[in-house]
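Structure assessment
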Amino acid sequence: MNKHEETVRCAIQMCLKVIKSYEWLSDLYVLDFFVDNHWSKLPQCWQNCFNDMDPKDLGNILTGQQSKHMLPLSFLALKKSIDVLSIPRLSSYKSSTNKSDSVNHDWTDNPKFKNLFLKHVKLKKRHEISVMSDFVNNTVKKAGCNAVLDFGSGLGHLIRILSYKYNIQTIGIEMQAKLTAEARKLDLELEYTVKKHLTEEAISKLIRPNHINLILSSLQQLKEIPLDTEKYGLIGLHPCGDLGPLLIKHFVNSEDVKFICIVGCCFMKLSCNKEPCGYPMSQYLKGLNNDLSYFSREIACHAIETYCKRLCNGDYNDLKVHAYRAALEKILRQLDPKLMHMPVRNVKHTNNMTFEEYCAAALHKLSIDPLNSSGVETDLLQWKKVVVLYTLRLAIAPLVETLILLDRVLFILEHGMKKL
């Protein structure tokens, strides 16, 4: 066992110990707050401390600001453990790409094409696509290859930048034919735009992305994807569930794959302790008490950082919707136990929305008997407790995500990869 492997094993063991100690918290489902009296599941000292605490104060505490509250030692120990053990979520990556690194910098940096690659990209996606394309371009050069496979490529925004701007051969793998067809249209739209300003020679040098429809379920399918090069990288911006682990397995088993760059998501969809076994992947973690519930894997996908920012700004009144949904759950279960966790319409809360208005919107188009909402007034007065409890659960999210990612790192190390 090398030093890196030993270090990762130690980190996994410590993360798992903390997570197992607080399963009672991470496994709480907010919908059941009133049904199962979740507040009573907190240690008494936590109840006393957080009972009347403003959610804004909790946001300040979790972001490391000085608190006026006397906090329970067990809570402080948990917070410190999460801070120390979790992989930092804030990016430390700094672009090393110069204008000369872009093969087509002579036209892509033209002010006329300022939003060329981000025209149809949602605002929240623009940053991550820009950063990842830059990172992949640098990695392609370091790895000595000039092709990438993008899994779950969607509308092709990422590979469009890699192909047209950096002249990297790209293949986008997408399971939805509708998205693939739309991606090809966006390619043609981009080419139509640049043709107005480029010479025929420049146009002839453009590399167009290749979009393929494929439902990926086995390593053999990866080996059969046609490529014009023997050396390539695997990339994926939010490959869902078991797709991420499948790509990692291909990376360690194929000499042709020179690097992998994926940002995983939907950990709750991972197959756990069963084939194809998206978690755990490493032999070491398989030998430990490694179970992660659906609920803990689901919260690992959430950004506690963004949530806390809202709390710190006092922007949490719309979070009353969590209490509304929990109160509705209680009424539905009393009406018919079979209605437990029934999917309802997502409703955005507004300051003047009543509980009755929420129920009407949430149950729109559903055949539900008239609800008796009498008796929920007392529950709804506790809406800030629902927000506090939900925030405490989310605080564990970075640690659960860290465990899943460290398991993947260890899997790669166990297969003889010395450099990561």
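If you're wondering where the values come from, they're calculated on a predicted model, not measured in any experiment. (Residues numbered from 1 in each chain as written. Predicted model: local features only at pLDDT ≥ 70, side-chain atom pairs only at ≥ 80, totals over all residues. Heavy atoms only, no water.)

1. What to know about the packing of helix α4 (residues 55–62) against helix α15 (residues 304–312)
To keep things clear, this is the line we draw: Fitted lines through C-alpha atoms give the axes, limited to the stretch in contact for helices. The angle between two N-to-C directions lies from 0 to 180 degrees. Strands here mean DSSP runs of E at least two residues long; helices mean DSSP runs of H or I at least four residues long; both are numbered from the N terminus. In what follows, roughly perpendicular refers to angles from 65 to 115 degrees, roughly parallel to angles under 35, roughly antiparallel to angles over 145, and oblique to any angle outside these ranges. Here a crossing is called left-handed whenever its near helix is offset anticlockwise from the far helix by less than a right angle, and right-handed whenever the offset is clockwise. Contact between two residues is taken to exist if any of their heavy atoms lie within 4.5 Å; hydrogens are not considered. In the scheme used here, Gly and all other residues not listed as nonpolar or charged are polar, with Ala, Val, Leu, Ile, Met, Phe, Trp, Tyr, Cys and Pro taken as nonpolar and Asp, Glu, Lys and Arg as charged.
Two numbers describe how α4 lies on α15: the axes approach to 7 Å, and their chain directions differ by 130°. Of the possible angle classes, the one that applies to α4 and α15 is oblique. The interaxial crossing formed by α4 with α15 has left-handed handedness. Only C308, L311 and C312 of α15 make contact with α4, whose side of the interface consists of P55, K56, G59, N60 and L62. Classifying every residue of the contact of α4 with α15 gives five nonpolar, two polar and one charged.

2. Focus: the domain arrangement of the protein
The line we're drawing: Residue ranges labeled as domains rest on an automatic or database domain assignment. What gets called buried area is simply the loss in accessible area from a 1.4 Å probe that two parts show on being joined, summed for both. For this analysis, a salt bridge means a side-chain nitrogen from Lys or Arg found within 4 Å of a carboxyl oxygen belonging to Asp or Glu. Contacts described as polar in this section are N or O atom pairs within 3.5 Å, which, within protein, must combine one atom able to donate a hydrogen with one able to accept it, while residues neighboring in sequence count only if both atoms come from side chains.
The domain architecture assigned to the protein consists of domain 1 (19–85 + 312–392) and domain 2 (111–301 + 401–415). Between the C-alpha centres of domain 1 and domain 2 the distance comes to 36 Å. The interface is formed by seven residues belonging to domain 1 together with ten residues belonging to domain 2. Across the domain 1/domain 2 interface, buried area totals approximately 630 Å², and carbon plus sulfur atoms make up 63% of it. On inspection of domain 1 and its partner domain 2, the count reaches zero salt bridges. For the pair domain 1 and domain 2, the interface holds two residue pairs in polar contact (both at pLDDT 80 or more). Contributions of two or more residues to the side of domain 1 that touches domain 2 are made by α1 (3–21) and α2 (23–26).

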